[in-house]
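# Coordinate analysis (summary)
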Amino acid sequence: MKKHHLLATLLVLVLIVSALPVTASAYYRESVSVNVDGETISDINVYLDDDNNVRVSTGDDLLKIFPKELKDIPIAYGDDGILLEDYIDDFGYESYLRVSYDNGRYFYYTLYIYTDTNNSWESYPPSTDFRYPEVYINGIYTPMSDIYQYWTIDFSKYKTPIFSGNRIYLNNDGNTPVEIVVDGKLIHFSDQQPIVFNPGRTMVPVRTVAEMLGCRVEWDQMLNCAVIMQGRTTMYIYPGNTSYLLNGKYYTMDVEPVALNGRIMVPLRFIAEEFGYTVNFQSRYVLTVYLTSQKTIKGVEFV
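Reference entry: report on the structure contained in this document. (Residues numbered from 1 in each chain as written. Predicted model: local features only at pLDDT ≥ 70, side-chain atom pairs only at ≥ 80, totals over all residues. Heavy atoms only, no water.)

### Overview of the overall build of the protein
Let me state the cut-off plainly: Put simply, DSSP marks the helices as runs of H or I at least four residues long and the strands as runs of E at least two long, and each gets a number from the N terminus on. Any two residues whose heavy atoms approach within 4.5 Å at even a single point are treated as in contact. Computed with a 1.4 Å probe, the accessible areas rest on the Shrake-Rupley method; for each residue, only the protein chains presented here act as cover.
Looking only at helices and strands, one finds eight helices and 24 strands in the protein. Summarising the internal contacts of the protein: among those between residues at least 6 apart in sequence, 47% fall at separations of at least 24. Accessible area of the protein: about 17300 Å², with a carbon and sulfur share of 51%.

Here it is as structure tokens:
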């Protein structure tokens, strides 16, 4: 008798749980804030569905986002809400979905919509797909296949995580995370990240930093060196050697290039200034290095 009573109780609980709205928990975890042309739209219910598509709950919510476009137009919607991206595409607008963090593990989403082509996402381009966080473990970029993979990370294995925008840095090596911004654009390094070596030098992968400065990079197998070219400027950098060749003359840098995880790391200030960039630093949770081209400063092309 007790067994039947227990089964009946479990059945009632299952029926109660199944009767709850399917989107309730998803909405709590994955609600989306909407920003149109720099203005956040308030008092609307927007969320991610199981396929990571952005949906609004009702026609009234959609009307608050597009009041001019949908004025006096009836809006049909079902139990699964309205797919917002369909309307964005129909109107010819641009958008991107960004995931950010409040200096903690919990994340939140913001959908940016641009109705003016003169003020598009290109003014603040995402470094990667903002649907998923960028995770960096001990200086190596570790892609997440989906948002749920992020939750499988055992944060207890690492020291205090550092959150910067949609980037998460998990380090055991004691190095301060470094972010590079070139003429206002945050640079994404595909694997090995910039690091700070003693005596306080910011080291970056030579190929990535050279290409982000608009240079061509080749590896000379015979000379065992990296060749960096931009306009009339040609530089030869030799791993493990402080000497480098610039336009036919040898010079000396104060820190020798080193090999790290299959990448040749060079001092950032040295290479940036040689190719006409000023260098400024800002340190908070991460060390941010700002590179500004001579073209931006003087209004003339650097050659």
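There is more to say after this.
### Remarks on empty space enclosed by the protein
To keep it simple, the criterion reads: Throughout, the protein atoms alone are placed on a 1 Å grid, and a set of points is a cavity if a 1.4 Å probe fits but cannot get out or a pocket if it is open with protein on both sides within 12 Å along at least five of seven lines; lining residues have an atom within 4 Å of a point. Grid points are joined across faces, edges and corners, and a volume is the space filled by probe spheres set on the points. Polar here means any residue other than Ala, Val, Leu, Ile, Met, Phe, Trp, Tyr, Cys and Pro, which are nonpolar, and Asp, Glu, Lys and Arg, which are charged; Gly is therefore polar.
Counted according to the given criterion, the structure contains one cavity of 30 Å³ or more. Its volume calculated, the largest cavity comes out at about 90 Å³. Lining the largest cavity are twelve residues, with Gly139, Asn171, Pro177, Gln193 and Pro194 positioned closest to its centre. Among the residues forming the lining of the largest cavity, the class breakdown is six nonpolar, five polar and one charged.

### Focus on the sheet that holds strand β12 (residues 178-182)
To keep things clear, this is the line we draw: Pairing between two strands is assigned when DSSP locates at least 2 bridges connecting them.
In spatial order, the strands read β13-β12-β24-β23; together these four strands make up an open sheet with mixed pairing. Looking at the sheet topology across the chains shown, the edges are occupied by β13 (185-186) and β23 (277-283). With five bridges joining them, β12 and strand β24 (residues 287-293) adopt parallel strand pairing. Note on β24: the bridge partner recorded for isoleucine 180 is valine 289.

### Overview of the sheet that holds strand β3 (residues 46-48)
Sheet strands associate in pairs through backbone hydrogen bonding, adopting either a parallel or an antiparallel arrangement. Spatial strand order, β3-β4-β5: three strands in an open sheet with antiparallel pairing. Two strands bound the open sheet, and with one partner strand each, they are β3 and β5 (82-83). Strand direction decides the pairing type here: β3 and strand β4 (residues 54-56), joined by three bridges, are antiparallel. From the neighbouring strand, leucine 48 faces β4, where its bridge partner is valine 54.

### What to know about the nonpolar core
Stated formally: Note on terminology: a nonpolar core comprises buried Ala, Val, Leu, Ile, Met, Phe, Trp, Tyr and Cys residues joined through side-chain atoms within 4.5 Å. Remark: exposure states derive from per-residue accessible area (1.4 Å probe, protein chains only) relative to the maximum for the residue type, with buried under 20%, exposed over 50%, and partly exposed in between.
Counting 31 residues, the largest nonpolar core has Ile180, Met212, Ile228, Ile271 and Leu291 as its most contacted members. Counting only elements with at least two residues in this core, the list comes to β12, α6 (206-212), β18 (233-237), β19 (243-246), β22 (263-267), α7 (268-274), β23 and β24. By size, the runner-up hydrophobic cluster in this structure holds 22 residues, among which are Val32, Val46, Val54 and Ile113.

### Remarks on the pattern of salt bridges
Rules: For this analysis, a salt bridge means a side-chain nitrogen from Lys or Arg found within 4 Å of a carboxyl oxygen belonging to Asp or Glu.
Using the criterion set out here, one finds six salt bridges in the structure. Between arginine 55 and aspartate 49 there is a salt bridge whose closest N-O contact spans 2.8 Å. For the residue pair arginine 55 and aspartate 49, the accessibility class agrees, reading buried in each case. Among the salt bridges present, the one from aspartate 254 reaches arginine 201, with a minimum N-O distance of 2.7 Å. With aspartate 254 in the loop between β20 (249-252) and β21 (258-260) and arginine 201 in strand β15 (residues 201-205), the pair connects residues that are 53 residues apart, well separated along the chain. By relative accessible area, arginine 201 is classed as partly exposed at 29%.

### Topic: the side chain of aspartate 49
What counts, and what does not: N or O atoms within 3.5 Å of each other form a polar contact, as long as, within protein, one can give a hydrogen and the other can take it, and as long as residues adjacent in sequence are counted only when both atoms are side-chain atoms.
Looking at where aspartate 49 falls in the secondary structure, it is placed in the loop between β3 and β4. Assessed through its relative accessible area of 13%, aspartate 49 is described here as buried. Reaching out from aspartate 49, the side chain makes a polar contact with the backbone nitrogen of asparagine 53 at a distance of 2.8 Å. A polar atom in the side chain of aspartate 49 sits 2.8 Å from the side chain of arginine 55.

### Here's the deal with the pairing of β24
Counting buried positions along β24 yields five of seven residues, so the element is predominantly enclosed. By the bridge criterion, seven bridges tie β23 to β24 in an arrangement that is antiparallel. Looking at the pairing, asparagine 280 lines up with tyrosine 290 of β24. Counting the residues in the hairpin turn of β23 and β24 gives three residues.

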